[in-house]
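Analysis of the macromolecular model
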Amino acid sequence: VHPRFMQMIDAVAVAGGQLLVAHRVVLHAGADVPVLERVAGSGGPTALAIGPEGGWIARELDTFAAAGFAPASLGPAVLKVETAIATGLAQVSLLRRLVDHRPS
């Protein structure tokens, strides 16, 4: 949890050529990617950017894209922040369990 937008962006940026967070996802109801499978289905640390209930503004989405965040959506409905947090974390957890138990 980061109280300031740019503080969060800096916390998941690249340091010394190394990614501090393997997967960076910005959840946004208007994203073209309807679910997290394509952006958070593999291992490694993941940062989920879950914003205000009114949604991210265009400038914030541009900043996320420049910092390597992939857009994803939890569906067409705008969720309360508390609901989006629980839903996003649950989806990432489920996806990781499914990936870990895939037949070889």
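If you're wondering where the values come from, they're calculated on a predicted model, not measured in any experiment.

**Comments concerning the overall build of the chain**
- Scanning the chain from N- to C-terminus turns up four helices and five strands.
- Along the chain, helices and strands appear, N-terminal first, in the series α-β-β-β-α-β-α-β-α.
- Intrachain contacts of the chain at a sequence separation of at least 6 include 69% that bridge at least 24 residues.
- Carbon together with sulfur atoms contributes 59% to the accessible area of the chain, which is approximately 6600 Å² in total.

**Focus on the packing of aromatic side chains**
- Under the definition given, this model contains two aromatic pairs.
- Where tryptophan 56 meets phenylalanine 64, the ring centres are 4.8 Å apart and the plane angle is 75 degrees; that geometry is what we call edge-to-face.
- With relative accessibility at 14%, the residue tryptophan 56 sits in the buried group.
- Using a relative accessible area of 0% as the deciding quantity, one classes phenylalanine 64 as buried.
- Aromatic pair phenylalanine 64 and phenylalanine 69: ring centres 4.8 Å apart, planes at 65 degrees, arrangement edge-to-face.
- Relative accessible area serves as the criterion here: at 5%, phenylalanine 69 is assigned to the buried category.
- Among the aromatic residues, those joined into a cluster by ring pairs are Trp56, Phe64 and Phe69.

**Looking at the confidence of the model for the chain**
- Of the residues in the chain, 78% reach a pLDDT of 70 or more, and the chain-wide mean stands at 78.
- Per-element confidence in the chain is highest for helix H3 (residues 58–66), whose mean pLDDT is 89, and lowest for strand E2 (residues 18–19), whose mean pLDDT is 56.

Rules used in this analysis
- Residues numbered from 1 in each chain as written.
- Predicted model: local features only at pLDDT ≥ 70, side-chain atom pairs only at ≥ 80, totals over all residues.
- Heavy atoms only, no water.
- Helix = DSSP H or I, 4+ residues; strand = E, 2+ residues; numbered from the N terminus.
- Contact = heavy atoms within 4.5 Å.
- Areas by Shrake-Rupley, 256 points an atom, 1.4 Å probe, with all protein chains shown as cover.
- Phe/Tyr/Trp six-rings, centres within 6.5 Å; stacked < 30°, edge-to-face > 60°.
- Buried < 20%, exposed > 50% of the residue type's maximum accessible area, 1.4 Å probe, protein only.
- pLDDT = per-residue confidence, 0-100.

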